[in-house]
Structures are given as structure tokens and as C-alpha cells.
Amino acid sequence: MKISLHVNSRPVEAEVEPRLLLVHFLRERLRLTGTHIGCDTSQCGACTVHLDGCAVKSCTLLAVQADGCEVITIEGLAPEGTLHPLQAAFQEHHALQCGFCTPGIVMVAHGLLGRDSAPGEAEIRAALEGNRCRCTGYQNIVDAIRCACERVREGT
Amino acid sequence: MSAGPPAAPVGARLPRLEDPRLVSGRGCFVDDLQLPGMLHLDILRSPHAHARIHAIDAAAARALPGVAAVYTGTGLAQFLRVLPSAGGMEGFNAPEHHALAIERVRFVGEGVAAVLATDRYVARDARELIRVSYEVLPAVADPEAALAPDAPLLHEALGTNRAFEMRIGSDVREALERAAHVVRGRFVNQRIVPNTMETRGAVAHFEPWDERLTVWLSTQAPHLMRREFARFLAFPEHRLRVIAPDVGGAFGAKNNPYAEELLAAALALKHRAPVKWIEERQEHMLVTSHARAQTVELHAGVREDGTLLALHYRLVADMGAYYHAITHIGPMMTAALMTGAYRIPYAATDIVSVFTNTTPTDPYRGFGRAEAAYFIERTMDLIARELGLDAVELRRRNLIRRDEFPFATPTGHVHESGDFQLCLERALERFDYEGARREQARLRATGRCIGIGLTTHAWRAGFPSVPGGKGYVISGWEKTSVSIDPGGTVRAVIGTSPHGQGIVTTTAQIVAGELRIAPRDVRIIHGDTDAVTQGNGTMGSRSLVVGGSATLLAARQLRDKAVRLAAHLLRVPAERVTLEAGVFSDCGDPARRVTLAAVAAHAFAGPQDLPEGLEPGLEATAFFEAPNFTSCFGTHACVVEVEPQTGEVRILRYVAVDDIGRAINPMIVEGQLHGGLAQGIGQALMEEASYDAAGQPLAASFLDYATPRATDLPRFEVELTETPSTVNPLGARGIGEAGTVAAPPAVVNAVLDALAPLGVRHLDMPLTPHKVWRAIREADA
Ligand code: FES
Ligand code: FES
């Protein structure tokens, strides 16, 4: 099937098998390998991208379902060579260790940033319910997200 | 903090140099590699715990367009060796283990057939077309049951399900008879799954023109893998290159030369095409090493005053269906550390290791030491309760005192140094133990079910080499080379293989500290056996204590040479040369100066103008091996609340005080503690790889195996003490495993403290709501 969509603001057209998962399309056809695969039951969130502004698990969608949509992946969050305030906060707060879960968590956090400018600890933890990190214990992730939200709110 | 020059790199909370790439999706993990003409490997796995394979029909799979080949165990045996394992140990029963099962499968998930295809979807289609006819055999998943005389036999050639038996420790019988009290118990440290967020994977590629095989592996020990792959493939080691790219967590589970990765390499050689294998999560649950799976029956002899006299364990260790790389070490390590932080004059463990129809076990963060800490810390609480003593008071009476180090235990471990009381007293103060007990009493009176638990744990990191070691040998040394190019680039080539521990940053801090430069100006090379010729890898909390020490020594040697060169250039004696911010100067005349970069350039450019006896170049290599394990210790204390109506456990407060010896980057150290605590709490409350009696796994995906999520965990209050270690030049102690060592007993002790008034004496992990609720109901009845 032929699909056309925007990925990180660039137009993309492709011929895909109907069963091709969006995550495989992004990783293997477009070589956007920052979106990871951590499970096969839609539970880890490592594959999270934005589809028309909503955080979705790209392992749970077919590439054809993204036809006509706007997809943002971790690579599209900030101009090449720069860090989005969220990404910078992750580094400052040591919110990643192996970094495998990180792109998915950053994409979820980015969704939160858009919705709630001052989320509290419990809200942030609840927002991360669909993500699993095995390395960090989450505390520094929560702190990083809270700090990024503050900065974005203050416009710094 | 003073303004002016940047703070000393060592001890700074420096943001990690690793992060910008990873946080922006520019990391490179194994599955991110794509080579032209690459074939995808997929494995068909046994649905039975124990069965004879009668026939495998792969005709339909082979006929599928895009399928390059289908292999079975018998087919592979014609050109492949058996898998490497602990088999070489003397007195051990060692079953043969093949990359794919031959004639018989012995656990659910064991590989039965392998498909190679041009695309991962096609490989999967083909896998589903393979028909296997099995004769199902009786299976045994419980290690105690596997010891029964009439139990189904896994390996007929061995004639027994016993893997090995061993006694470690002193004679205890007489001391136990003498003791005023003998406390008995049985504790299970349940089987769990490492669940790295990146599953395992490999890409193997053979280049015919120079006959070189390159294997990109999600591993924590590329050099060990190079050795084991060469052995397995009968391929010259010097033509083999192993690369650990970014690795998404390992926790001990990526230290085994697994069937699938070896097969990918073997088939890349055979087919002269790149081969990729990526583990699925459900496969990870079935075939990546499981962990823990130890049970002890204990007898603790206690004197009238509450001091321990003797401790005996009968330890049953579940090996799974086969050995993985160092499966057998787990129970030995548990036995060696069975006395924990305490002075117990007589102690022994009788180990019985057993094969069962389950996934093989192997290291997982805290290997052997987490089990030991769990058993002894639970034992301490049990004793306290039976003797009517406060848990803290009992520990105070038994802790090894700071003037008693080095302290040799009856089970052959030497605590090299320490200050166990320091951590205990710091933690009690921070936690406000007395206040917490008062608050508990107050809340209990209002009907709330509150518990307080603590541990005064002691474990060990940075293993030394075992002389004459047999089987799968991991040496204790580590190596670092530090160099400065003529162009001024500072490089450290390290033999450890970090994958989340922040060792790139920490190493840069150590080198920068010695050379008085900025950490970001140090390039760290690791993980590629062509660039790093020797090393042992990242495991057992050794990367800093051993690897970091090698780095320190190499950097010092390099600096010494640079100082001599600088002195020569400044025409002053070396004693007069100081180094600050990358510039050497004459302390008598600070205006006379030369930069480190200029010194480096001179080391290469001016061989005819070098001080007497000095070679050209600026490079130093150091190997470091510690004379003993580094002692690690701390005190954790937590408060939990149990909801009696639902059995739910909530951690209200968690305080961790651990001794780090010397913190190079406290932020990273705290992160290591957080992560370990999360995994330890996961084991305490929710994780279990259980099997039914027929050997069917009951938790084989994230649907039924719970790892902690953000909402499951409390905020951690972490504090570090610094009592220098005596067995490495950094004075550092390991921290990577502290959380998994300490959190399970701390949390379980707290929950059982909460349940004590209800009459619950002991519960085995995980303390799931259902288990807790049932215990409350039963105690009530
Ligand atoms: S890979 Fe999509 S949720 Fe795990
Ligand atoms: S940082 Fe490793 S899984 Fe989250």
C-alpha cells in the first residue's frame, strides 16, 4: 500500500506491506532508530512517538494507520545538534542511565509539557504509567520533567 | 563554593558526557545496525518443559520465498561445538548444552529450529510453518521435587538431577548445640528475570577478503565474548572482533555466551552474509538467564545476650535446565557472605545445586550477595522477634566493629575494611528511628498497619582472579591506557564495557583530575576489541573499583612522564614543576610555563631533545588487580503501610546510607543506588518468574511479569559516607549492586513488622497484595 505522511516535518511517501508496524517503518525504512522496541505487548513505551500531536506507542500501530498524519520522533524534537529543554533537563538531572527507555519517556513527557505546565510529582509519575525504565528508579526522571516544565513555563 | 577555576573534577556532580547522544535518539544499539544483504535469524522454541523430539518438518518453511535456510539441532551438530558453560569445574555434573536442542527439550523456550530469512517478518512466517512432533515427558520445575529419588531425570547421561554439592564454612554442629537459643527458618529468594529494557541481540558479519568476523553484541563483556565465540566457532581469536555498541542495560544477564548470538555468528560464517538476531521480550523472559532461585533452611544459634554463635544453611540452588556461564558461582557466593556484617564465629552452608525443567539461572545485579543479604537480614529480624529484642539493638550487638578489620569470616571471606556502625548511626539519625517507632505506635493505635524494616548489609565488589580457575574464567584485573596525541587529544582506552553506569564520565573525571584538564576534553574508548585489546568487562560492581583504579594508575604514570618532559623544556628540576589547568609552570617563576599540549607535541616531535632515558611518545598503560574483594556496606531503613483490606503494600519512606569509599561523581553514585533500589523493591513486592508443576512458565511477558513503574516507587532518601577502601588506590567501594542487595530484606522486614501484630511470622517474596491479603486472612482465622 502507498502511504504519505509527514515525519519530523518532512514529507514521506512509501510503499508498505499492510502489516508493517509503524515502529519498523520508522526504524528500518526511514532509519530513525531513536525510537526503540522494548516489548511485544505494548507495555514498555520505548517506542513512543507523537502522531498528530498525541503520544502513541508506535509498536501498536501499523504504518498504514499513519497515512496522512504528522509523526514526530525523538530525532525531531530539537534541531540537529541541540537539545530540547526536556532533553537538557534529563542530562542535568541524571535521568538516564543506559538510555534505552529515554526517547520514549522524553516523548511522553513532551506530551505532558503541552498539557500541564506545572505537574506535581504524582501527576508526572502517573503520566509515566505506560513506560518502563529498568535503570533509574524514576526519581531523577520525575525531577527532570518537573524542572523542564518549570523552565518552559517561565520561558527560559 | 569559590569562584574562579573550575572545581576539581573528582567529586563533582558532573552531568554525563554520554547523555546528549542518547537523549536525542542518536545512540546506536545493536538493532539499529542494518547491513546490506543482512539475513534475519528467528528461533522456534519448545512449548514443552520436557519432551522428546520425534520429528521436525521444515519443508514448508524452507519453501517460503525469502527463506535462506532452516536448521535443527541435529543439523547444526555436524559443524558446531557444544555451548561453553561451567562444565569444566571438577566434581561437577556437566550436561551437554547445544545451541539448538538435540532429541530432547528440557525447558519451555529451548531452541528447536532456526530460520534465516531476508526479512524479520518472513523469518517469523517461516518459523510458524515448522511442524515439530514431540513426545511430552514428565517435567519437574521445583528444585526440592527434583531431588526426590523418583523425580523425572533431566539429563539421563548424568543419572541424577544434582548439579553439584559443596560445603563451605566451619564446623557448626557443636556450637549450635551449645547455643542458648536455636532459631529456625526457611527463606526463599525467588526466581526473577533481569528484564533489561533492551533485550539481547547480535549482528555478525564476515569479511572474506581479510577473513575477519565482526560481531556487534549487546554484551557487558566483549573480551570474554571474543574468547568464547572463538572457542565455540573454532575460529581464530585474532580474526574475531567483538563490538559492544550502546547497550540498553545488562545487570549481569549479558555476560553469558548465549546460543542465539553464537548461532548468528556461526551462520554469518557459513552463509557469508551478515546475520542479525534480536530477542523479543517474550523470548527474553524464556531464555535470557533467570536469577536468584535459592532457598535456605537455617539454624541460627544465639547466646543469651543476643549475640550470634553459629549459623547453618542448607541451600538449595536451582540451576535451571543447564548451566550458563557462571551459574554455579551464585550459591558459592551466597555461602561465602552468609554471615553478612556480623561477627558469627561458626558458620557453614551445605549447597545442593539442582537441575530443573526451567530456564538456566546466572548473574543478575547482586548475584549471590543479594541472596546472602536477604537470608541473613531476614534471619536477624527473626531472631530479634523470637528473643524479644529490638531489631536495631540486635544488630548493634553483632556488627563487626571498626577496630576489627580486616575481618576473616568462617566462610572464607575477608572484610578488608569498613565502618558498619557509621552507616547505621547515620541512617538511624536521618530516619529518626525512635521517632518513627513512636509514630508507628501512634498510628497502630488508630488501626493503621505500619511497619519499619532495616538492614545493615555488607557485600563485596570487584572480584579478584581465582588462581587456577577452571570452566568459564573471568579474571579480576582491569586495564587502562591513557595517551596524549601529538595534537593534544587525551584518550583513555578502558577494558570495562559500560552500559549505563556512567563510566565514560567517571573515567574522564579521574583522568582530568590527574592531568588538571576538563573532563570533556578526555575521550574514552571502550567496547570494541580492536580498539581495546584487553579487558574483562563491566560486572560485579568492578568498573570503578578495579577499572577506575587502573585508570588512576595509568593517568598518574602519564602525568609523571609529562612532568619530566615539562621540567626538561622549562629547564628546571621536576620537583619545581606544577600542573594546573593543563599548564605546567615553574613554581619558582610562574611566568615560565608550557602547556600540556606543547609537552605532548614535544614528546613526539623532538626525540633528539628528550631527557636522558625517556622514550618518545606520551602514553601509559596500567593493569590493576585488587588483592581482595572490596568490602561494601550500608544501612537502609524504610517505613511501609499495609492496607489490610487489599493486602497492598506502600512504601512511605526509604532511607539508604551506603559507604562509597570515595565518590568520583556523587550524582552517578546516587543514580546507581536509585536504580538498584527499584530493582530490589521490584523483587520484594512484585517480580517472580514462577512455573506451574508441569514446568509451564506463568510469567512470560510484561503482561504477567511486573517490573516497577514510576507509580510503584517512593522517593528515595540517599546519603553517602566515605570510608576509604584499603584494596584499591582510589579508595572506592562498589555501589552498583547496593540497592538490589539491601532493598529486598529492608522492605520484607518492614512488611513483616507491620503484620507482626496480626500474627504473621514470615512470608516469601514477592509480597503481592494477594499473598499479603491471604496471610492476613489466614492469621485471622
Ligand atoms: S515496544 Fe511499544 S510499548 Fe514496548
Ligand atoms: S535508562 Fe536504562 S531503561 Fe531507562
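Residues numbered from 1 in each chain as written. Chains lettered and ligands numbered in written order. Predicted model: local features only at pLDDT ≥ 70, side-chain atom pairs only at ≥ 80, totals over all residues. Heavy atoms only, no water.

1. With respect to the interface of chain A and chain B
Logical step 1: Across the contact, 51 residues belong to chain A and 56 residues belong to chain B.
Logical step 2: Between chain A and chain B lies a buried interface of about 4,800 Å² when both sides are counted; carbon and sulfur atoms form 50% of it.
Logical step 3: For the pair chain A and chain B, the interface holds 8 salt bridges.
Logical step 4: Residues Glu121(A) and Arg715(B) are paired through a salt bridge, measuring 2.8 Å at the closest nitrogen-oxygen approach.
Logical step 5: Taken together, chain A and chain B are joined by 32 residue pairs in polar contact (both at pLDDT 80 or more).
Logical step 6: Elements with a minimum of two residues in the side of chain A that touches chain B: α1 (22–29), α2 (85–92), α3 (102–115), α4 (121–127) and α5 (139–154) of chain A.
Logical step 7: Its residues placed into classes, the side of chain A that touches chain B shows 18 nonpolar, 18 polar and 15 charged. (Contact = heavy atoms within 4.5 Å. Buried area = accessible area lost by both parts, 1.4 Å probe. Salt bridge = Lys/Arg side-chain N within 4 Å of Asp/Glu carboxyl O. Polar contact = N/O pair within 3.5 Å; in protein donor to acceptor, adjacent residues only side chain to side chain. Helix = DSSP H or I, 4+ residues; strand = E, 2+ residues; numbered from the N terminus. Nonpolar A, V, L, I, M, F, W, Y, C, P; charged D, E, K, R; others polar.)

2. Considerations on the domain arrangement of chain B
Residues and elements named next belong to chain B.
Logical step 1: When its domains are assigned, chain B resolves into domain 1 (19–27 + 477–624), domain 2 (33–137 + 200–250 + 254–280) and domain 3 (291–465 + 627–780).
Logical step 2: A straight line from the C-alpha centre of domain 1 to that of domain 3 covers 39 Å.
Logical step 3: Counting from both sides, the interface comprises 20 residues of domain 1 and, opposite them, 21 residues of domain 3.
Logical step 4: Interface area for domain 1 against domain 3, summed over the two sides, is near 1,500 Å², with a carbon-plus-sulfur share of 67%.
Logical step 5: Contact with domain 3 buries area across many residues of domain 1, yet Gly540, Ser541 and Val545 alone supply 31% of it, more than any other trio.
Logical step 6: Where domain 1 touches domain 3, the interface holds 0 salt bridges.
Logical step 7: Applying the counting rule to domain 1 against domain 3 returns 5 residue pairs in polar contact (both at pLDDT 80 or more).
Logical step 8: Looking at the side of domain 1 that touches domain 3, the elements with two or more residues in it are α15 (503–515) and α16 (543–570).
Logical step 9: No other element matches the 7 residues that α16 contributes to the side of domain 1 that touches domain 3.
Logical step 10: Class assignment of the residues belonging to the side of domain 1 that touches domain 3 gives a composition of 9 nonpolar, 10 polar and 1 charged. (Domains from an automatic or database assignment.)

3. Topic: unusual backbone geometry
All names here are of chain B.
Logical step 1: Between Phe405 and Pro406 the backbone carries a cis peptide bond, its omega angle lying at -10°.
Logical step 2: Along the polypeptide, Pro406 turns up in the loop between α12 (391–398) and β16 (407–408).
Logical step 3: Backbone torsion omega between Met765 and Pro766 reads -5°, so that peptide bond is classified as cis.
Logical step 4: Within the secondary structure layout, Pro766 lies in the loop between α19 (738–755) and α20 (769–780).
Logical step 5: Phi is positive for Asn195, which is not a glycine, with a value near 50°.
Logical step 6: Inspection of the secondary structure assignment puts Asn195 in the loop between β8 (181–192) and β9 (201–207).
Logical step 7: Overall, Asn195 belongs to the buried group, its relative accessible area being 0%. (Buried < 20%, exposed > 50% of the residue type's maximum accessible area, 1.4 Å probe, protein only.)

4. Some words on the nonpolar core
Logical step 1: In this structure, Phe90(A), Ile145(A) and Tyr654(B) are the most contacted members of the largest nonpolar core, which totals 165 residues.
Logical step 2: Here this core gets 11 residues from one element, more than from any other, and that element is α19(B).
Logical step 3: If we ignore the near neighbours within four places in the chain, the residues touching Ile145(A) are Leu86(A), Phe90(A), Ala109(A), Leu112(A), Ile124(A) and Leu128(A).
Logical step 4: Leu116(B), Phe235(B), Leu240(B) and Tyr472(B) belong to the second-largest nonpolar core, a separate cluster that totals 49 residues. (Core = buried A, V, L, I, M, F, W, Y, C linked by side-chain atoms within 4.5 Å.)

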